[in-house]
Amino acid sequence: MKEVIAAALAVSGAVILRRKKKISIEGMLLVLFLAGGGIGYCMFAGFSGEWIPVSAVDKGEKGSSSSEMEFQVRVGETDSQVTLEIPAVRMETEEADAEIAALMLRLDTEILGENTSLNEICYPLLLKEQYPDSPVQVQWQTDAPDDLSWEGTLGAEIPDEGADVLLIGDLRLQNSSETYQRMVRVYPSKAPEDLPDRIRQAAVRLNQEETEPVYLLPDSLDAVSLAWYRMSDAKGWYVLCIALFLLAGLVLVQQEKQREAQKNRYNLLDREYPELVSRMQMLLGAGLSMRMVLERLAREYRENLRMAEKTEKRRLLQKRSGDKNPVYEELLISCRELENGMSEAEVYRRFGERCGTPSYRGLSLMLEQNMTKGGQGLIRLLEQETLEAFEARQRKARQEGEKVSVRLLLPMGMMLVIALALIMLPAFMTL
C-alpha cells in the first residue's frame, strides 16, 4: 500500500509541477518512468539483493537473544550456503541477576493492563515475552488455561463469582533465572469482543491436526465470507523513493535554471539601457512626443525582426530561447497597451514593473512624472540619465574584467606548477 501511495505522490507531484512549469517535460517523463518501474518491482518482488564479502559480523547487544544469519561460503571452487546462529554479547552473572530482580519488582504493575488489581481481573493481562527497557525473557503459564491463557486472555466460561488462577512466569537471562508466581482472581471479561481474536480462534479450531503440512485459513466467520491477503516482499519501494528524491531534485534544478535565466535577462536589460535612453533622448530632441518615440522604437524593432526572419541565421536562432531582445519586447507590449486605450502614465508604470530592474523603474517613474508635470526638462533629464547609464556600464565592465582576472589565477598557478615540475624533474633524475 505504501508503494502505491508513494507512486501516486510522485506522479501527481510531477504532473502538477509540470503544469506550473516548475520542471521540464523530460523531468516529468523520467519521474513517471521511475514510478512505473517502482510499481513493477513491487508487483514482481523487486530487487533480490547481492552477496557482499565479509570477515566478521556484529553480535547483538548485551542481554538480547541470538539471531540467525545466512552466509554464502566459497570453498575452493564450490559455493555453499550456511546459516549460523550469532550470539549476543554475554552479560556478567551479577548484571543478569540485577536485570531479573528489577523486572520482578515491576511485573505486578506491568501485567495489569486495564485492570486495577490482581485480585479483580476483568480485562486481558499483558503477558509479554519481553518488556520495555529489559532484556529478560519471560515464559508464562497458568494452572487453569481455560480461565486465563498464557497469552493473558480470559476464558469464555468463567463463573460470575470469579475463579482463582495461579499465574507463573519463568524469567530467564542467560544462565540466570527466577520464578514469578501470583494467585490472581479472574472474572468474566468486560472487554468488547475483538474481531481479530475471533478470527484467530477460528483459525486455531480449523488447524487442530498438527501433522498437516499446511496451515489452513478459514474462509468464513459466522456465515460471513473471509478473503485473506498477504503483504508481498517487493522492494520496488526503493525505486519509488528514488523517484520522489529525483522529483525534488528536478524542482531545485528547474528553479536554479529559472533564476539563472532571470539573471541573464536582467544583465541584458542593463546592457541595453544606455542605448535605449540615448535613442529616446535623440528622438525627443527631434520633436517627437514620448508616445511617438515608443511607437517608433517598436516599429523599427518589428521591421528588423521581419527582415531577419528571411535569413538562415534567424531560422536557426528561432530554435532556441533567448534570441529576442527583452527590452524591445516589453516596448511592443507597451505599444499594444496604448493601442487598447490604456493611459500613458499606467503604461509607463507597467513597463518599469515588467522590466524589474532599478534603472527601468527609475525611467518609468521619470516618464510618469513627466506626464503630470508637463514635458519641460525631460530631454535634459534623459541626457543626464544617458551619461550616468554609460558610466555605470563602464564600471560594471571593469568589475567583470577584474572577476575574470581573479578566475584566471587558479589555471595560471597550475601552469606554474607544471612548468616547475618540468624544470626540476630532470635535475632530480640526474642526481
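How should helix H9 (residues 344-355) be read in this particular structure?
Since the α-helix advances by 3.6 residues per turn, residues separated by three or four positions end up pointing in the same direction. Taking 1.5 Å of rise per residue, twelve residues should cover 16 Å, and H9 covers 17 Å from first to last C-alpha, within 8% of that figure. Those residues of H9 not exposed but buried are Glu344, Val347, Tyr348, Phe351, Gly352 and Cys355. The arc that holds the buried residues of H9, viewed along the axis, is 135 degrees, so those residues lie on one side.

Would you mind going over unusual backbone geometry with me for this structure?
A negative phi angle characterises most non-glycine residues, just as the trans form characterises most peptide bonds. Despite not being glycine, aspartate 133 has its phi angle at roughly 65 degrees, a positive value. Among the structural elements, aspartate 133 can be located in the loop between helix H3 (93-110) and strand S3 (137-142). Given a relative accessible area of 77%, aspartate 133 falls into the exposed group.

Got a minute to help me understand a negative patch on the surface in this structure?
On the surface, Glu92, Glu94, Asp97 and Glu178 cluster together to form a negatively charged patch. Topologically, glutamate 94 is positioned in helix H3.

Help me out: how do you make sense of the nonpolar core in this one?
One recurring pattern in soluble globular proteins: nonpolar side chains tend to sit buried together. In terms of nonpolar packing, the biggest core is built from 31 residues, with Leu276, Met280, Met290, Leu297, Tyr360, Leu363 and Leu382 touching the most fellow members. Of all elements in the fold, only helix H5 (237-285), helix H6 (290-308), helix H8 (326-339), H9, helix H10 (358-373) and helix H11 (378-407) reach the threshold of two or more residues within this core. Aside from chain neighbours lying at most four places away, what touches leucine 363 is Tyr273, Leu276, Val277, Met280 and Leu382. In terms of nonpolar packing, the next biggest core, distinct from the first, is built from 27 residues, Leu103, Ile121, Val184 and Val186 among them.

Where do I start with the packing of H11 against helix H12 (residues 409-429) in this structure?
How two helices sit against one another is set out by the angle between their axes and by the gap between those axes. Where H11 meets H12, the closest approach of the two axes is 4 Å, and the angle between their N-to-C directions is 30 degrees. As judged from the angle between their axes, H11 and H12 are roughly parallel. Counted together, Ser405, Val406 and Arg407 of H11 and Leu409, Leu410 and Pro411 of H12 form the full contact between these two elements. For the contact of H11 with H12, the residue count by class is four nonpolar, one polar and one charged.

Calculation criteria
- Residues numbered from 1 in each chain as written.
- Predicted model: local features only at pLDDT ≥ 70, side-chain atom pairs only at ≥ 80, totals over all residues.
- Heavy atoms only, no water.
- Helix = DSSP H or I, 4+ residues; strand = E, 2+ residues; numbered from the N terminus.
- Expected span 1.5 Å × (residues − 1).
- Buried < 20%, exposed > 50% of the residue type's maximum accessible area, 1.4 Å probe, protein only.
- Arc of directions from axis to C-beta.
- Patch = residues over 30% accessible without salt bridge, like charges linked within 9 Å, V, L, I, M, F, W, Y side chains within 5 Å.
- Areas by Shrake-Rupley, 256 points an atom, 1.4 Å probe, with all protein chains shown as cover.
- Salt bridge = Lys/Arg side-chain N within 4 Å of Asp/Glu carboxyl O.
- Lys, Arg positive; Asp, Glu negative; His and termini not counted.
- Charge placed at Lys NZ, Arg CZ, Asp CG, Glu CD.
- Core = buried A, V, L, I, M, F, W, Y, C linked by side-chain atoms within 4.5 Å.
- Contact = heavy atoms within 4.5 Å.
- Axes fitted to C-alpha atoms, helices over the stretch in contact; angles between N-to-C directions.
- Parallel < 35°, antiparallel > 145°, perpendicular 65-115°, else oblique.
- Nonpolar A, V, L, I, M, F, W, Y, C, P; charged D, E, K, R; others polar.

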